[in-house]
4 protein chains.
Amino acid sequence: MSLLKIDLNSDVGESFGNYKLGMDEEVIPLISSANIACGFHAGDPAVMRRTIAIAHEHGVAVGAHPGFPDLLGFGRRNMDASLDEIRDYVTYQVGAIQAFAFARGLQLQHVKPHGAMYNMAVQNPAIWEAVAEAVAALDKNLILFVLAGANRSELEALGAKYGIRIGFEFFGDRAYNRDGSLVSRKQPGAVIHDHQMVAEKVLKMVQEGKVVCIDGSEIELAADTICVHGDNPSALALVKMIRETLEAAGVEIAPPADFL
Amino acid sequence: MSLLKIDLNSDVGESFGNYKLGMDEEVIPLISSANIACGFHAGDPAVMRRTIAIAHEHGVAVGAHPGFPDLLGFGRRNMDASLDEIRDYVTYQVGAIQAFAFARGLQLQHVKPHGAMYNMAVQNPAIWEAVAEAVAALDKNLILFVLAGANRSELEALGAKYGIRIGFEFFGDRAYNRDGSLVSRKQPGAVIHDHQMVAEKVLKMVQEGKVVCIDGSEIELAADTICVHGDNPSALALVKMIRETLEAAGVEIAPPADFL
Amino acid sequence: MSLLKIDLNSDVGESFGNYKLGMDEEVIPLISSANIACGFHAGDPAVMRRTIAIAHEHGVAVGAHPGFPDLLGFGRRNMDASLDEIRDYVTYQVGAIQAFAFARGLQLQHVKPHGAMYNMAVQNPAIWEAVAEAVAALDKNLILFVLAGANRSELEALGAKYGIRIGFEFFGDRAYNRDGSLVSRKQPGAVIHDHQMVAEKVLKMVQEGKVVCIDGSEIELAADTICVHGDNPSALALVKMIRETLEAAGVEIAPPADFL
Amino acid sequence: MSLLKIDLNSDVGESFGNYKLGMDEEVIPLISSANIACGFHAGDPAVMRRTIAIAHEHGVAVGAHPGFPDLLGFGRRNMDASLDEIRDYVTYQVGAIQAFAFARGLQLQHVKPHGAMYNMAVQNPAIWEAVAEAVAALDKNLILFVLAGANRSELEALGAKYGIRIGFEFFGDRAYNRDGSLVSRKQPGAVIHDHQMVAEKVLKMVQEGKVVCIDGSEIELAADTICVHGDNPSALALVKMIRETLEAAGVEIAPPADFL
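What you see as residue numbers is a count from 1 along each chain, following the sequence as written. Written order determines the labels here, with chains lettered from A and ligands numbered from 1. Confidence filtering applies because this is a predicted model: local features only for residues at pLDDT of at least 70, side-chain atom pairs given and counted only at 80 or more, and all residues used for totals across whole chains, interfaces and linings. By convention in this description, side-chain values take in all heavy atoms of the structure and omit both hydrogens and water.

> Would you take a moment to explain the overall build of chain A for this structure?
Strands are runs of DSSP state E lasting at least two residues, helices are runs of H or I lasting at least four, and both sets are numbered from the N terminus onward. A tally of helices and strands in chain A yields 8 helices and 10 strands. As a reference, a globule follows 2.2 Å times the number of residues to the power 0.38, and the radius of gyration itself is taken over C-alpha atoms. A globule of 260 residues ought to have a C-alpha radius of gyration of about 18 Å, and chain A, at 17 Å, matches this closely. Seen through its principal axes, chain A has C-alpha atoms that stretch 45 × 40 × 35 Å. Note on classification: 1.4 Å probe, protein chains only; a residue is buried when its accessible area is under 20% of the maximum for its type, exposed when over 50%, partly exposed between these limits. Within the span of chain A, comprising 260 residues, buried residues form 59% of the whole. We call two residues in contact whenever any of their non-hydrogen atoms come within 4.5 Å of each other. Long-range contacts, defined as pairs at least 24 residues apart, comprise 73% of the intrachain contacts of chain A with a sequence gap of at least 6. Method for areas: the Shrake-Rupley scheme with a 1.4 Å probe, in which residue coverage is limited to the protein chains shown. By element, 50% of the accessible surface of chain A is carried by carbon and sulfur atoms, the whole surface being about 9,900 Å². For chain A, the separation between the mean place of its 22 positive charges and that of its 33 negative charges on side chains is 1 Å. We count Lys and Arg on the positive side and Asp and Glu on the negative side, and we leave His and both chain ends out. Where a charge lies is defined by one atom per residue type, namely NZ (Lys), CZ (Arg), CG (Asp) and CD (Glu).

> Which parts of the structure should I look at to understand the pairing of strand β2 (residues 33–37) of chain D?
All names here are of chain D. The buried count for β2 comes to 5 of 5 residues, which makes it a mostly enclosed element. Taking every second residue as pointing to the same face, both faces of β2 are buried, with Ser33, Asn35 and Ala37 on one and Ala34 and Ile36 on the other. Strand pairing is assigned whenever DSSP identifies at least 2 bridges connecting the two strands. The pairing of strand β1 (residues 5–12) with β2 spans 4 bridges and is classified as parallel. Bridge pairing in β2 places Asn9 opposite Ser33. One crossover worth recording links β2 to the parallel strand β3 (residues 61–65) by way of helix α2 (residues 45–57), and it is right-handed. Viewed with both strands pointing away, a crossover whose connecting path from the first strand over the helix to the second turns clockwise is right-handed.

> Would you take a moment to explain the relation of the copies chain B and chain D for this structure?
Two copies of one chain are present, and they are related through a rotation about an axis combined with an axial shift. Copies overlap after least-squares fitting; the atoms used are the C-alpha atoms of residues with pLDDT of at least 70 in both. Between chain B and chain D, which share one sequence, the superposing operator has a rotation angle of 180 degrees and an axial displacement of 0.0 Å; the RMSD is 0.0 Å. Here the symmetry operator amounts to a two-fold rotation axis. Rotation axis and chain B: the residue whose C-alpha lies nearest the axis is B:Met79, separated from it by 2.3 Å.

> Sorry if this is basic, but what is going on with the interface of chain B and chain A here?
For interface size, the figure often reported is the accessible area lost on association. With 20 residues of chain B at the contact, the number on the chain A side is 20 residues. Buried surface at the junction of chain B and chain A, summed over both partners, amounts to about 1,600 Å²; 68% is from carbon and sulfur atoms. For B:Arg49, the salt bridge identified is with A:Asp88, shortest N-O distance 2.6 Å. Polar contact criterion, stated in full: a pair of N or O atoms within 3.5 Å, where within protein one must be able to donate a hydrogen and the other to accept it, and residues adjacent in sequence count only if both atoms are side-chain atoms. Counting the contacts that link chain B with chain A gives 4 residue pairs in polar contact (both at pLDDT 80 or more). For the side of chain B that touches chain A, the elements supplying multiple residues, two or more each, are α2 (45–57), α3 (83–103) and α5 (125–138) of chain B. Take the side of chain B that touches chain A: its biggest share by element is 11 residues, from α3(B). We call Asp, Glu, Lys and Arg charged. Ala, Val, Leu, Ile, Met, Phe, Trp, Tyr, Cys and Pro are nonpolar, and the rest, Gly among them, are polar. Tallied by class, the residues present in the side of chain B that touches chain A amount to 14 nonpolar, 3 polar and 3 charged. By buried area we mean how much accessible surface two parts lose on assembly, using a 1.4 Å probe and totalling the loss over both. For this analysis, a salt bridge means a side-chain nitrogen from Lys or Arg found within 4 Å of a carboxyl oxygen belonging to Asp or Glu.

> Before we go on, may I ask you to explain the packing of aromatic side chains in this structure?
When the centres of two rings from Phe, Tyr and Trp lie within 6.5 Å, Trp using its six-membered ring, the rings pair. Their planes under 30 degrees apart give stacked, over 60 give edge-to-face, and anything left gives tilted. Evaluation of the coordinates by the stated rule reveals 32 aromatic pairs over all chains. On the numbers, 6.0 Å between centres and 85 degrees between planes, the contact of A:Phe74 with D:Tyr19 is edge-to-face. Of this pair, A:Phe74 sits in the loop between β3 (61–65) and α3 (83–103) while D:Tyr19 sits in the loop between β1 and α1 (24–27), placing the two residues on different chains. Here B:Phe40 and B:Tyr92 contribute two aromatic rings whose centre-to-centre distance is 5.4 Å and whose plane-to-plane angle is 50 degrees, an arrangement assigned as tilted. Taken together, the residues span a long stretch of sequence, with B:Phe40 in the loop between β2 (33–37) and α2 and B:Tyr92 in helix α3 at a distance of 52 residues. Its relative accessible area of 13% is what places B:Phe40 among the buried residues.

> Help me understand the nonpolar core in this model?
Nonpolar side chains in soluble globular proteins tend to be buried together. Only buried residues count toward a nonpolar core, which is a set of Ala, Val, Leu, Ile, Met, Phe, Trp, Tyr and Cys residues joined through side-chain atoms within 4.5 Å. A:Leu246, B:Leu246, C:Leu246 and D:Leu246 are the most contacted members of the largest nonpolar core, which totals 370 residues. Sequence-distant contacts of B:Leu246, that is, excluding residues within four places in its chain, are made with B:Ile6, B:Leu8, B:Val202, B:Leu203, B:Val206, B:Val251 and B:Ile253.

> What is the right way to look at empty space enclosed by the protein in this model?
Unfilled space is identified by rolling a water-sized probe across the atoms. With a 1 Å grid spanning the protein atoms alone, the term cavity applies to any set of points in which a 1.4 Å probe fits but cannot get out, the term pocket to an open set with protein on both sides within 12 Å along at least five of seven lines, and the term lining residue to any residue with an atom within 4 Å of a point. Grid points are joined across faces, edges and corners, and a volume is the space filled by probe spheres set on the points. Taken as a whole, this structure holds 3 cavities of 30 Å³ or more when the rule is applied. The space that makes up the largest cavity amounts to roughly 1,500 Å³. Forming the walls of the largest cavity are 44 residues, and the residues nearest its centre are A:Leu71, B:Phe16, B:Leu71, C:Leu71 and D:Leu71. Split into classes, the residues belonging to the lining of the largest cavity amount to 28 nonpolar, 8 polar and 8 charged. Of the volumes computed, that of the second largest cavity is approximately 60 Å³. Forming the walls of the second largest cavity are C:Ser10, C:Asp11, C:Val12, C:Glu14, C:Leu21, C:Gly22, C:Met23, C:Asp24, C:Val27, C:Gly230 and C:Asp231. Among the secondary structure elements, those contributing two or more residues to the lining of the second largest cavity are β1 (5–12) and α1 (24–27) of chain C.

> Any chance you could explain the environment of A:Arg76 here in plain terms?
Note that A:Arg76 resides in the loop between β3 and α3. In this structure, the C-alpha to C-alpha distance between A:Arg76 and A:Ala53, residues 23 residues apart in sequence, is 26 Å.

> Could you clarify how one ought to interpret the interface of chain B and chain D in this entry?
Contacts between the two partners involve 10 residues from chain B and, on the opposite side, 10 residues from chain D. Between chain B and chain D lies a buried interface of about 840 Å² when both sides are counted; carbon and sulfur atoms form 53% of it. It is B:Arg77, B:Met79 and B:Asp80 that lose the most area in chain B upon contact with chain D, and together they represent 55% of the buried surface on that side. Residues that form the side of chain B that touches chain D fall into these classes: 5 nonpolar, 1 polar and 4 charged.

> Explain the relation of the copies chain B and chain A here, please?
Expressed as a screw transformation, the operator carrying chain B onto chain A has a rotation angle of 180 degrees and an axial translation of 0.0 Å, and the superposed copies differ by an RMSD of 0.0 Å. The share of interface residues of chain B whose copies in chain A are also at the interface is 100%, consistent with both copies meeting through the same surface.

> How should I be thinking about the environment of B:Phe145 in this particular structure?
Relative to the elements of secondary structure, B:Phe145 occurs in strand β5 (residues 143–147). Along the chain, B:Phe145 and B:Gly63 lie 82 residues apart, while their C-alpha atoms are 9.7 Å from each other.

> Hey, could you run me through the state of the cysteines in this one?
Cysteine pairs can be covalently joined through their sulfur atoms, and such a bond is termed a disulfide. Disulfides are defined as pairs of cysteine sulfur atoms found within 2.5 Å of each other. In this structure the tally under the stated criterion is 0 disulfides over all chains. Here B:Cys213 is not disulfide-linked; the sulfur of B:Cys227 is the nearest cysteine sulfur, at 19 Å. Of the cysteine sulfurs around C:Cys227, a residue in no disulfide, the closest is that of C:Cys38, at 16 Å. Of the residues examined, C:Cys227 reaches a relative accessible area of 6% and is grouped as buried.

> How should I be thinking about the side chain of A:Glu14 in this particular structure?
With respect to the helices and strands, A:Glu14 occurs in the loop between β1 (5–12) and α1 (24–27). Here A:Glu14 occupies a buried position and makes no salt bridge, while the nearest side chain of opposite charge, A:Arg76, is found at 5.9 Å. Once residues lying within four places of it in the same chain are set aside, the contact partners of A:Glu14 are A:Leu21, A:Asp24, A:Ala37, A:His41, A:Ala42, A:Gly43, A:His65, A:Phe74, A:His114 and D:Tyr19.

Here's what the structure looks like:
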């Protein structure tokens, strides 16, 4: 009997200079993959070094979390950047964090674009391709995290084209549309606030590969990694509940490099 | 009889976004080592990629040219950064440019700190050590460019301590003090404007390992690389004259990875 | 008989730190209104001060040229900024340049949003309103420059609502659609390169209030200010030809504060 | 009998984008003068607008808190900026915040340089002069906050020269040397952590114009404004204790525009 495995990933290393953001010391021990900001939308060289050190201490896999050069908007504002610009931004940021990882004897496991870059890629697969191309040119062992959804086969083909693994991501605290896309945050019910419901939704996806949509229908949705947050004590409590729910059901929390 | 070899290095890739600076296309074919800005004091991801491509086309060795995070001051203003900050800035910037080099199938040859970071290191060897430590942690094949001067043995010891090669740099267009230091730009005669004099000074240093100081005395000063500039047509003309003078004397222009 | 008057405006003060952009010293004497970058997409405090000094020496009216906080993209990339953000960006930048003008004994004449902020406002009048509101809150004597087109009455109403004057802008080197909008730069023929044609087009608009569109039809289009450029010698030559053509026809070049 | 008056000032508006710093909502009601960051070392346009609104609601005087363009170092690192650069940085930042104040119907009361700019001015009076010159050129009603110390008469002469008022600042939580300067933070005992001691020290200075130095000697030191902090709950508690101690002794907390 094969053991079910799932990854928990969280955005960390988002502090900047004198500005502290997130509860990295608390959330990192609870996850298996750390998405570390790379200095464009958040993070700075010292924060990158320290965040990698924390991840290392806890045996958590490290990944790059590149974003748009928009510190003021925290990388959350869509920017009309060209595909060339996106490729270059990814190369630059992944290179920078690779250096900090290497200096500590680690290798990056994955790359997950941040905020607007991720959201724009979900809308425009040419951006996923630009990111994949940049990532593959640096290290074919890197896993690219993308949103799990209806275009799974296209994204798998993209990974195959560039020779990298794709890690499909699930959002336990977000409602899904019947077509496998996320319900827009502008719609009511888009975000699920009940921790128990989130944990159960995650478990169902892991065990059955299914999610109940906002309209009550059930669709197939398989993912490798769950996005969790460490912004505040409530978010941390949710991560703990998700962990406990998964472990109680015999699911192993593991970085995707272990099972992809 | 062994052939004399010397490197010509120039700061390139200093454009930023819509701002063009320097005549990279013209100067790169004339040099053997390109110091490429890494996005802190100058340069941006697209410029880094394109500058590496130009260097590659001309078979010119590529190096990182990290600076302080002071785009407004072009990295020329001393900043009271800590040694930790300097180490982290070097790691970040070298990592970023390593990525662009790697994506093009190249390896970085060297690291030369820019502007205020270089000048502060000349005044404070603890900064050379911080830079050397950061560089060595990333790639022991990297050569660290430092100012040739009286503290040669200390800097060689630093290289030995961290297991990296040190490339000593000579400024043909700058006057030297008797102690082997550069005459301050605030003093008259600090910069030599006569191209013929510069070329002859470079040749003397290469052939004899000696330089005539501002006070007329002659001191020993050996270097591996000559700093040249590509900011304007006159600077380019000087680089050509230096090249021709050296080649006419049978000196080979070569990157220091070839002979250090 | 009343004398025809028209304004010539140009984007200036776009240098940044060590980066020089544009031929401000040459173009400013040829125009009547200077749109001065304010440090977000271009320009810096020293450049702002010096550019105001040049405009002052030549008796050219000074205006703010606020843009998005995207130095890397030169403010030319659409950004998903909220109306609140746009208002705040305009307030900040106009305030900063007001200070430099005031310190020299000058008052700002106008505000013209830059690049993507201007283009987004052309597409979305709510952005014109956000800009107008910010401008009016600072100085009701300020003239807001907007693109002349079919929505003239709406924009005049906007000016009336906030108690500021609107200056309608004409692009002599751009082709117009029949609906009074600019032909997209992505279409062939969008930019007119023939200097003679541009000058005649400007003169026709000034004398007749009409423009011949890309489809050959003639539409009414009245404007108060002509956008010219000072990026390069050819652009300068065009400004001179436009001036000469206008003056030969008895049109006076004057800042809009003189006639609006 | 004349009532004793003293100002309490605090650095506020130091949040940036998604980064929250300081307890502005809590500390502003406790002070009489708010030093608002202007976007260089901290703060952003939206934060500036909101901070002015909070100060306005509580009837607290607003001031500019300009710093070096070093967001990463929070303006705390000495930078080798020229006097021209400092003047321009002050003009730019004061202008930007004047705009937000004006848009709300307020006038700036004062200017207090931040961090390294303040500390460098304390070491080099030419920097105080550059700041004073920039401030005076914008509004002669502005009060320049400077460190109270042995050079009081020189600083008063500087204010007279430029026609602006000088507000002398006292640090209740810092130890003083016999010459009236602050004990360096690198020395033990430089910062006083006992709240009761700080409050008593402030009261003594206000009532007697005297301070007990680190060596036990007592010197004369008159000041108009006390620097307090709102970074954390403990700092807030200290501000409350200082207020209560002063008010219990019949001292009125008031902005310096009321009494200078």
